[in-house]
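Observations on the three-dimensional arrangement
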Amino acid sequence: MDQIAEKISDSELEVMKILWESKDALPVTEIRTQLRARKGWEATTVKTLISRLHSKGAIAQEKRNVFYYRPLISEDAYSDWAANDMVNRLFRGSAGKLIATLVRSKGLQEEDLAELKSMFREED
């Protein structure tokens, strides 16, 4: 997971989001249509991103009448990895420093704090 996730670019992540939103494998035409609507990307750009993700092992390719794609990395697994990577890179591995930064910068709302408190109570 670490090797694959590190290599997923922001643009490739947009493809992954579409695949995560779908419950089934999607044909390349559907992925292109959605990315054209969301990002205005041309078919060649989307094909390149799909090709990169496939070669990295982040998505699976299945030949039917056309190629269909599905994620091999779950959104939860990627989110967990990305959060840990951010904490390690930006906060020297300290989640406490991340929380302190969010509190100081007013990035946490009251409902966020209540949710955190609830999560800590559940862990006990």
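The model shown is predicted, which means the values in this text are computed figures rather than measured ones. (Residues numbered from 1 in each chain as written. Predicted model: local features only at pLDDT ≥ 70, side-chain atom pairs only at ≥ 80, totals over all residues. Heavy atoms only, no water.)

Attention shifts here to the sheet that holds strand 2 (residues 59-63). With antiparallel pairing, 3 strands are arranged side by side in an open sheet as 1-3-2. Strands with a single pairing partner mark the edges of an open sheet, and in this sheet they are strand 1 (26-27) and strand 2. Taken together, the 2 bridges between strand 1 and strand 3 (residues 67-71) define a ladder with antiparallel strand orientation. Residue pairing across strands places Pro27 opposite Tyr68, the latter belonging to strand 3. (Pairing = 2+ DSSP bridges. Helix = DSSP H or I, 4+ residues; strand = E, 2+ residues; numbered from the N terminus.)

The next subject is the confidence of the model for the protein chain. Scored by pLDDT, the protein chain comes out at a mean of 90, with 94% of its residues at no less than 70. Mean pLDDT across the secondary structure elements of the protein chain bottoms out at helix 1 (residues 2-7), with 63, and peaks at strand 1, with 98. (pLDDT = per-residue confidence, 0-100.)

Enumeration over the complete set of coordinates arrives at 2 aromatic pairs. Aromatic side chains Trp20 and Tyr78 sit 5.9 Å apart centroid to centroid with 40° between the ring planes, which places their arrangement in the tilted category. A residue pair is termed long-range when its members are at least 10 positions apart, and Trp20 in helix 2 (residues 10-21) and Tyr78 in helix 5 (residues 75-90) qualify at 58 residues. Exposure remark for Trp20: the relative accessible area of 14% places this residue in the buried category. For the ring pair Tyr78 and Trp81, a centre distance of 5.9 Å and an interplane angle of 35° mean the geometry is tilted. (Phe/Tyr/Trp six-rings, centres within 6.5 Å; stacked < 30°, edge-to-face > 60°. Buried < 20%, exposed > 50% of the residue type's maximum accessible area, 1.4 Å probe, protein only.)

Take the nonpolar core next. Counting residues in hydrophobic clusters, the biggest one holds 22 residues, and the most contacted among them are Val15, Met16, Ile31 and Ile50. Mapped onto this core, the elements with two or more residues apiece are helix 2, helix 3 (28-39), helix 4 (43-56) and helix 5. (Core = buried A, V, L, I, M, F, W, Y, C linked by side-chain atoms within 4.5 Å.)

A few words now on the pattern of salt bridges. Tallied over the entire structure, the rule returns 7 salt bridges. Residues Glu12 and Lys56 are paired through a salt bridge, measuring 2.7 Å at the closest nitrogen-oxygen approach. One end of the pair, Glu12, is in helix 2; the other, Lys56, is in helix 4, with 44 residues separating them in the sequence. Of the residues examined, Glu12 reaches a relative accessible area of 2% and is grouped as buried. Given a relative accessible area of 25%, Lys56 falls into the partly exposed group. Between Arg89 and Asp85 there is a salt bridge, and its shortest N-O distance comes to 2.7 Å. A residue pair is termed a helical-turn pair when its members lie 3 or 4 positions apart in one helix, as Arg89 and Asp85 do in helix 5 at 4 residues. Where salt bridges share partners, they join Glu14, Lys17 and Lys39 into one cluster. (Salt bridge = Lys/Arg side-chain N within 4 Å of Asp/Glu carboxyl O.)

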